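If you want the building blocks of each chain, they are given just below.
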Amino acid sequence: MKNKKAVTAIGLAVGITMLASAAFAGYSTMSGYEVGKTACKALTENENYTSEVVFSMSVDGEEIMNESVIELYDRDGEVSLNIMETDYDCFNSETYFQEYVQDNMSIQVYNNEDTYIYPISRVYGAFDQLNGADAEDKKTYDKVIRFAELACDTFMGDLKNNFVYVSGDNDSATYEINLDAVQIPELVNAGLSAMFSSMSEYDDLPYMVLGTDPVVKSASLVFTVDNEGRATDAAGNITMSGEGHEAAVDISLKMYDYGTTEPQRADTSTLPNVNVINGEAASTAIPDEAIGGNDEAMSIVITE
């Protein structure tokens, strides 16, 4: 499927679960870095929530891409998922995508023009990726997380101390980190240079005006957790420069209605050009045989 849920992971360089015994009143004295790591791990397994993610990039003050994704998720609901995604890319192309998961069917609507309905055995929310993982998978996951945590600790080094407690009350706590060019690890700019160099042949991309050796000028992150250590808001910003041009990347996340979200049921009779895909679908991507459309209001496509 046209699925960009993974974009939600980009903006959260923060996360791991808060110890159950930690009193929320002590958040102001806790390391913001540890609180942040806590919130991220908690985002891998949530039964019910609403999320909003917005990602954008601008060059020399002009926005060249913007993507927003709203997700309503209820793991065990008869209607378990709603997704509304709008994507404006750097070639001035705008796409709109909706997905509803109900009655063991995934209903996907593209640009309000075509609808594809697939059988589905299990749904995964963007922030419930461990749903259904067996004991062995979770054991492997724990090892990967532990490795990533140690690697992140090593990479961050003394920068961990730059996470600052901003404010809080009985319901929430907010932290932030702000880094300037001097504080940015050399590894970041080296990686950025390698990435841009690998794309040098795509000189029609607007952000390639930065050349092949852009550098990060600043980076900032502000995030808020609730009194259960769950992420509720996060906003990150990175500015870059190269070849006399400036670029900025912004990403924001909102998480709310934990435990009370109710995804809405789709009325298939009102959806455009419905294609029903029967049988076992290996994935929810549009199958080749369904591409191209037809002139009928509804067509039935049988897959092996």
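The notes below deal with the structure included here. This one's a predicted model, so the numbers in the text were calculated from it and none came from an experiment.

1. A closer look at the overall build of the protein chain
Turning to step 1, where the next piece is worked out: Secondary structure summary: the protein chain contains four helices and 13 strands in total.
Turning to step 2, where the next piece is worked out: Relative to its full complement of 304 residues, the protein chain shows a buried share of 44%.
Turning to step 3, where the next piece is worked out: Taking the intrachain contacts of the protein chain between residues at least 6 apart in sequence as the baseline, contacts between residues at least 24 apart amount to 58%.
Turning to step 4, where the next piece is worked out: If you sum the accessible surface of the protein chain, you get close to 16,000 Å²; carbon and sulfur atoms cover 52% of it.

2. Let's talk about the packing of aromatic side chains
Turning to step 1, where the next piece is worked out: One pass over the structure, following the stated rule, counts nine aromatic pairs.
Turning to step 2, where the next piece is worked out: On the numbers, 5.2 Å between centres and 55° between planes, the contact of Phe-97 with Tyr-110 is tilted. Taken as a pair, Phe-97 in strand S4 (residues 94–102) and Tyr-110 in strand S5 (residues 105–110) lie far apart in primary sequence, 13 residues in all.
Turning to step 3, where the next piece is worked out: The exposure class of Phe-97 is buried, given its relative accessible area of 0%.

3. Remarks on the pairing of strand S8 (residues 172–180)
Sheet faces and side chains relate simply in a regular strand, where the side chains alternate between the two faces.
Turning to step 1, where the next piece is worked out: Pairing of strand S7 (residues 164–168) with S8 involves four bridges; the strand directions are antiparallel. Opposite Tyr-165, over in S8, you have Tyr-175 as the bridge partner.
Turning to step 2, where the next piece is worked out: As consecutive antiparallel partners, S7 and S8 are separated by three residues.
Turning to step 3, where the next piece is worked out: With nine bridges connecting them, S8 and strand S9 (residues 215–226) associate as antiparallel partners. Bridging from a neighbouring strand, Glu-176 pairs with Val-222 of S9.

Procedures and definitions
Residues numbered from 1 in each chain as written. Predicted model: local features only at pLDDT ≥ 70, side-chain atom pairs only at ≥ 80, totals over all residues. Heavy atoms only, no water. Helix = DSSP H or I, 4+ residues; strand = E, 2+ residues; numbered from the N terminus. Buried < 20%, exposed > 50% of the residue type's maximum accessible area, 1.4 Å probe, protein only. Contact = heavy atoms within 4.5 Å. Areas by Shrake-Rupley, 256 points an atom, 1.4 Å probe, with all protein chains shown as cover. Phe/Tyr/Trp six-rings, centres within 6.5 Å; stacked < 30°, edge-to-face > 60°. Pairing = 2+ DSSP bridges.

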